[in-house]
Structure formats: structure tokens, C-alpha cells
Amino acid sequence: MNAVHDLEKVTPNTSLYANRAKVYTKDVYGPVRTAKSAIMVFCLAVYYTLPWLRWNRGPGVPDQALLLDLWHERFYVFGFVLWPQDIYLLTGLLILGAISLFLVTSLFGRVWCGYTCPQTVWTDLFMTVERWIEGDRNTRMKRDAAPWSWNKLGLKLAKHWLWFWIAFWTGGAWMMYFVDAPRVVGEFWTLRADPDVYFFTFLFTTTTYLLAGWAREQVCTYMCPWPRFQSAMFDEQSIIVTYQGWRGEPRGHARNTVEKFGDCVDCDACVHVCPTGIDIRDGVQMECINCGLCIDACNHVMEKMDREPWLITWDTLARQKAKAEGRHEKLHLIRPRSAIYVAALTLCTALVLVGFLTKSTTTLSVIHDRAPMFVRLKDGGIRNAYTVKIANKTQRAATYVMSVMGLDGAKLSLPEQNTTLSPSVQFSIDAGVVGAFRVVLQGQPQSRPDGRQDVNFTLTNAPAGESMHYRALFFSPGSEKEN
Amino acid sequence: MPTKIEKDAVTGTETTGHDWDGVKELNTPLPSWWLYLFYACIGWAVVMCLLYPSVPGISGYWHGLLGYSTRAEAMRGWHEMQGRHADAMAQITKTPIEQVAKDPVLMETALTSGRSTFANNCQPCHGQNGSGRVGYPALGDDVWLWGGKLADIETTITHGVRSADPLARQSLMPSFGADNILNPAEIQSVADYVGVWWGVTPEGTNVAAGAKLFADNCAACHGDRGQGSRDFGAPPLNAHVHLYGETRNDIVAQVTHPRMGVMPNWNARLDTGTIRSVALYVHSLGGGE
């Protein structure tokens, strides 16, 4: 009961709501910042230029290297063309992405969050623009606190104007992954594009502007599920951004009594550069995206104070604990956890590869007519009719030959084209098209009580050396009803 | 009624002033931007109600300032489709049937149109997809009474069989039994002679006599080997396809008192292009020659 009373004493003073404390990030330079910038530029360059990469697939087929053509239900991925029935490969790629993320996180913490996540990349880009126009942390804080002036208004407008155009090009480039890039750009500016294109450009422009300009670290902290279950991915052996408390504490900066204090001079440089506005010295936190900008910031201070650098560093919790106790511990990159992730990754990669390489270039289906089930012929033979659907998933027109096994005297014809009966029929199907044909099959069925037997349709594509089978039923009156 | 509005010590927010047995509520109204969004939605709804059909009346409804109607929209689409269909059908009407069959674009329209016309007009007798039944020929087999070429089928559909049309396919099978041309015993032996062709067991009559009777009475139309004749619409008898049944009794009944089907002359009900489409469709069922 005491606990309850304690809680009641505590709660009135603890608000459950926290206003956002605006994060003013300070500029920083150093190896980590350089790496982060390089990765940012690379990711942005890939995003904006990839739709313009061409890939010749022959006449009548889009020549964009990566095009997700939802309108025509085709995904063009470099040398591959994915049809709706190949969508399981996409599932495989997503699983692959997820496991890769697990593996990298278990080894190196949230480097995805810190360097390559679109939210991080665009937030970083927007912050760079902000710093370029409005100045660094102290200048911005001072200006924001000051009353409105023409200068302040102009700078703010300029910033938002630039942000808007970056957001617009981001949303616009997104559309280029779905509609041929040169065409959609031309249509967009001449007001001839599909209304969907305008809607989604508007939508992604707005979300980019809001998420990268305004919401920023709140997306990571409150909206994204990843930080919430990252704790399941890494452990005390993961290499993460760590403040070496055993070296730094007790923090302080009294000049004369150096012995009393650790290396940390409590200058808050690490806090000022943090894009999520946290204090890394508080230990592992959900908000930390593992970008390591605090490492650069701290190293400069250590250098100036003539102390050992890397007070904040990349290290594992286990090694830090050992160091605090004066021991040395080895890195354990290979652990059961990482081994399992590697195994799952290998298995998944193999499955996706096999899926890609054995992806059929033709699919066949044979559907029996609902009525009539059969018709008798003059000579006592039986005729059945089918609808044959052949999907030519290759990039060129193809010719297929169909024959039937399992029926005596089997003869086929394509009654909608010509009436000639022969042991095999031929289909010509254009590139990337599903052909539907009505096929008549006649022959002498086996005498069976139920009047049904299996027949095997065989389709061969001689140039490609492909052959496939489809088992269908052949109906006849059946011996029970014969007179 | 608010009784006493006070300031909450912890949050600094005013209370609503209500007191429920000591429980008080903080007054935290909706954010104003949220509230204005509601007002904007209400305004939007009013505008939409004015622009579009919205309010029902006693004998009508508010048509809206834009005069929009989903029915008119649907009808516009329907008329557009009708126009395109009419164009294609006009093309089919002025193209000979053999030429239509060689044109994949016209063929697509013809088969689609023919399929639905067949289902609406021909299916009641000939069955789904021309599966046929007793008295009504199956259309997907290889037996044709009046010919299975495109032009033959088109003529049959146009003028009908034993219909009111002067150009109809006409033929008559004598009532050998009812008109006393043959007596019952003779009819039985003819039946035994004919039934053997498709495996009906003879019932001890004089088959040789039956053969002679067939040659004298039936071969003129049905052919000396029962191969049938399309000139007279006489079905082949040496086949496994039977219009009026395949048992011995069926043969006896047909010879005694023949049934002869009538097919309407469709030129009285359908236009040339439509009939041509149906002919192409029937030809494509599998039996076309």
C-alpha cells in the first residue's frame, strides 16, 4: 500500500504530456560528418537520377530501367519484367530487406536510421538548407527569439521557398518511378498528365515538406515503429555510439582541479549537434539514431583540451563494462544471433535467386467449356472444346505449338481462325501479351463408366526450347449411358 | 450550470466549473484549427448540396446547379458504346461473310455480338453454346442438315427452316406409317436395317427386306448408304449423331409419323449484320466447315 501512496505523491508533479523542445542543430565537421554527407549525396543522387536511366527492351516496351507501371500491371526492373503473378518475388525482396536490416542492426546498431533512412537523408538535406540560409545554431536561436523583422521574414520565406521546391522535386521524382520519366515531366508542365499524377505529386510534396521540414526527429521518436523494436535486434555486443562514462565522469571543467574530474568537460557540444536533441551521455536511448555526429563534436573539444579523443566512440556495451573494470574484452561479431541472421539471409537470397532464375517466361492454362461438355461426331468420336490462355512473358513475339497426349486419334483445331483439324496447332503471341484461344479437341475416348479421362496438353516453344504441360479433363457420354 | 470555475494547480488549466461528487474536469477545448476544419467541412457540404442533386421533394428533387445526373452520365457512355457498336456492325453488314472471317478486328466484334445474340435468341432451342437436344441440332458437331459453310449457315439463319419465308429451307419426310405407305412390319425391318449402322441390336425381323425397302423408299433422300443429303436437309443415318433419338423405337416412331422441326426466318427479326455475326459465331463453335 505504501507504493500506491508513493505513486500518488509522485504523479501530480509529473505531466504525461511534453511539448516538443525545438532542436537547433549545430554544424559540425569531421570524419563522421563527411561520411554521413557522402552517403546522403549518394542516396539523393540515386533517387533523382534512377528514373532517367534507360534500358532498351525492344520496340513497344518502356525503355526505363526501373519502372513500376501500375497502369499496365507490369514492373520493369532492369532485365526483368514482373507480372502480377510474380509478385511473390517482391515479397522475397522485402523479407530480404528486413533480415538485412536485422543483421546490420545486431552488428552495428541503427546505422540504417543514422545514415540511409529517407527520413534522415531528407531531414539532413533540409537542415543543411536551413543552416545555409539562416546561419548556425546560435544565430538561429537568437533570431527566433527576436521579434519579427523584414530580415527575419525574408530569411524564413527564402528557407520555406527552397524547402518547398526540394519537396516538390522529391514528390515529382517519385511519380517518375511509376510513369515514364521524360513523358510525365512533359505532360506535367503542359497540364496533360493524369489527375492521379498531380494528386500524388501534391501528396508527396506535402509529406516531404512536413516530415523533413517540420516533424523531423518526431517522426523517428513517435511515428516510426522501428525504434520501438530495435531493442530486440541489438544486445551488449552490438557496436553502437557510446559515451565512455568510465573515462568522462565525473564531468566538470574546473581548471585547477583536473584530478577531480573525468575527461568530459560538460560543454554540451554533443547535445548541440544531435539531430534528435538527446544527450548521449545518458546512455542507450530509444531516440538515438546512431549517426555519430556527437563523436565528431566531442573529438574537437578533446583535441582543444589536449585530451585523448574518442571520449564518445563506437563500442559495445560489454567492452565498455569491461573497460570500466580495467579489463579488455574482444569484439564478438560472430554470435548466435548474427549467425542465425546470416543463415536466414543466405537462405532467403537463395530462394529469391532461384525464383528469379526459374521464373517462367510462359504460363499456360486450359479451361474446359462449361456447355456443352461434349458433342458426338458422325463417326462415333467425341469432341470437347477448351479455352486456352497463354501468357507470353518474354520481350519478343513467340510461336507455340500445342499437342495433346492421352487421347486416341487426338486432333485439334482453332475454330475461330480456321477449321482444319490436325494433331497439333500453332499459336503466335506478341511480346508481353496474354493470348486466349478457343481450341477444339476430338478423338476416340476410352470407355469409362463416368465418361471422363485425363488428357495432357503439351505446349512447346521450339526456339526457346521450352515445354510445358497442362492436365485437363476430356468428357464423353460414359459407358453407363451407352446403349 | 458552471458553478465555480477554478484554476487547476498542477497544469494551470481552468476547470469546466462542474463538480461531480468532487470530480472536476479540465477545460481543454478542441484546437481552433481543428474546429475551423469542421466549419470548413460544413461549408463544403452546403456548397456540394447546392451544386449536386441532394434534397428529395414530393414529386421531384433538387437537381443541383451543375445539372449533374449519374443516369445521364451512364446513358452518355451507353450511347457512345452504341455508336461504336453501330459503326462496327455497319462494317460487318457491307462485308461478305468470308471476308469478315479473315479480318481479326471485325471478327472480334462479330463473335462478341454473335455470342450475345445467340444467347438471347437461339439458346432456348439449341441450348447453351449450341449444345443441342432432341429435335434441335447440336451446332458444334460435324453433322449439318443444310450445310456447315459460312454462307450455308447464314442462309439458314436468314430464311429459316420450314418457316414463313418463301426462301426458307423446305423439305418434307412422308409419314410412311400414318399414310399407310409402309405397314408396321415393314417399318420394323427398315428400322432394324438402319439401326445396325450405329449399333442398335436387330429384333429378328427380315433385315434383307428392310434393305430393299430402304433402297426403294428412303435412299432417294437419305442416300443409298444412308449418308444423308443436304439438298433436302435429310440427316445422315449412318452416323452416331441423332436428331430424334437413337433407339429402335425412336426410328420406328420417326418413320411412322415424322417430326420435322421449324426454325424461324430471322430476317424478320434481326438485321443482316447481326445475322452475319450469329452465323460466324455458330461457325466458330467447332463444327464449321
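Residues numbered from 1 in each chain as written. Chains lettered and ligands numbered in written order. Predicted model: local features only at pLDDT ≥ 70, side-chain atom pairs only at ≥ 80, totals over all residues.

**Student:** Could you give an account of the pairing of strand 9 (residues 398-405) of chain A, with specific residues and numbers?
**Tutor:** Where a strand is regular, its side chains alternate between the two sheet faces. All names here are of chain A. Where burial is concerned, the two faces of strand 9 differ: the one with Ala 398, Tyr 400, Met 402 and Val 404 is buried and the one with Thr 399, Val 401, Ser 403 and Met 405 is not. By the bridge criterion, 5 bridges tie strand 9 to strand 13 (residues 452-461) in an arrangement that is antiparallel. Following the sheet pairing, Met 402 is matched in strand 13 by Leu 459. (Buried ≥ 20, exposed ≤ 12 C-beta atoms within 10 Å, placed from the backbone. Helix = DSSP H or I, 4+ residues; strand = E, 2+ residues; numbered from the N terminus. Pairing = 2+ DSSP bridges.)

**Student:** Describe the sheet that holds strand 9 of chain A, naming the residues involved and giving the relevant values.
**Tutor:** Residues and elements named next belong to chain A. If you trace the 4 strands from one edge of the open sheet to the other, you get 11-9-13-14, paired in antiparallel fashion. Single-partner strands in this sheet number two, and they are strand 11 (424-429) and strand 14 (466-475). Between one strand axis and the next, the sheet turns through 25° on average, direction left out of account. Taken together, the 10 bridges between strand 13 and strand 14 define a ladder with antiparallel strand orientation. If you follow Thr 460 over to strand 14, its bridge partner there is Ser 467. (Axes fitted to C-alpha atoms, helices over the stretch in contact; angles between N-to-C directions.)

**Student:** Let's hear about the confidence of the model for chain A: which residues, and what values?
**Tutor:** Per-residue confidence for chain A averages 89 on the pLDDT scale, and 94% of its residues sit at or above 70. Within the model, pLDDT remains below 50 along residues 1-11 of chain A, and this stretch shows 0 contacts once partners closer than five positions in the same chain are excluded. (pLDDT = per-residue confidence, 0-100. Contact = placed C-beta atoms within 7 Å.)

**Student:** Break down the domain arrangement of chain A for me, with residues and values.
**Tutor:** All names here are of chain A. Looking at the assigned domains, one finds that chain A contains domain 1 (20-359) and domain 2 (362-475). Between the C-alpha centres of domain 1 and domain 2 there is a distance of 56 Å. With 6 residues of domain 1 in contact, the opposing surface of domain 2 contributes 5 residues. In terms of residue class, the side of domain 1 that touches domain 2 is made up of 3 nonpolar, 2 polar and 1 charged. (Domains from an automatic or database assignment. Nonpolar A, V, L, I, M, F, W, Y, C, P; charged D, E, K, R; others polar.)

**Student:** I'd like a rundown of the interface of chain A and chain B, residues and numbers included.
**Tutor:** Contact residues are listed per partner, giving 18 residues for chain A and 21 residues for chain B. Those elements that provide at least two residues to the side of chain A that touches chain B are strand 7 (375-376), strand 8 (382-392) and strand 12 (433-444) of chain A. Residue classes in the side of chain A that touches chain B are distributed as 8 nonpolar, 3 polar and 7 charged.

**Student:** How would you sum up the packing of helix 4 (residues 104-121) of chain B against helix 11 (residues 272-283) of chain B? Please name residues and give values.
**Tutor:** Residues and elements named next belong to chain B. Direction vectors running N to C along helix 4 and helix 11 enclose 90°, while the axes themselves pass 7 Å from each other. Between helix 4 and helix 11, the angle falls in the class roughly perpendicular. For the pair formed by helix 4 and helix 11, the contact residues are Met 107, Ala 110, Leu 111, Ser 113, Gly 114, Arg 115, Thr 117 and Phe 118 on the first element and Thr 274, Arg 276, Ser 277, Val 278, Leu 280, Tyr 281 and Val 282 on the second. Considering only residue class, the contact of helix 4 with helix 11 consists of 8 nonpolar, 5 polar and 2 charged. (Parallel < 35°, antiparallel > 145°, perpendicular 65-115°, else oblique.)

**Student:** Could you give an account of the packing of helix 2 (residues 31-49) of chain A against helix 14 (residues 293-304) of chain A, naming the residues involved and the relevant values?
**Tutor:** Residues and elements named next belong to chain A. Running from N to C, helix 2 and helix 14 point in directions that differ by 150°, and their axes come no closer than 7 Å. Here helix 2 is positioned roughly antiparallel relative to helix 14, judged by the angle of their axes. Contacts between helix 2 and helix 14 involve Pro 31, Val 32 and Arg 33 on the former and, on the latter, Leu 293, Ile 295 and Asp 296. Here the residues of the contact of helix 2 with helix 14 sort into 4 nonpolar, no polar and 2 charged.

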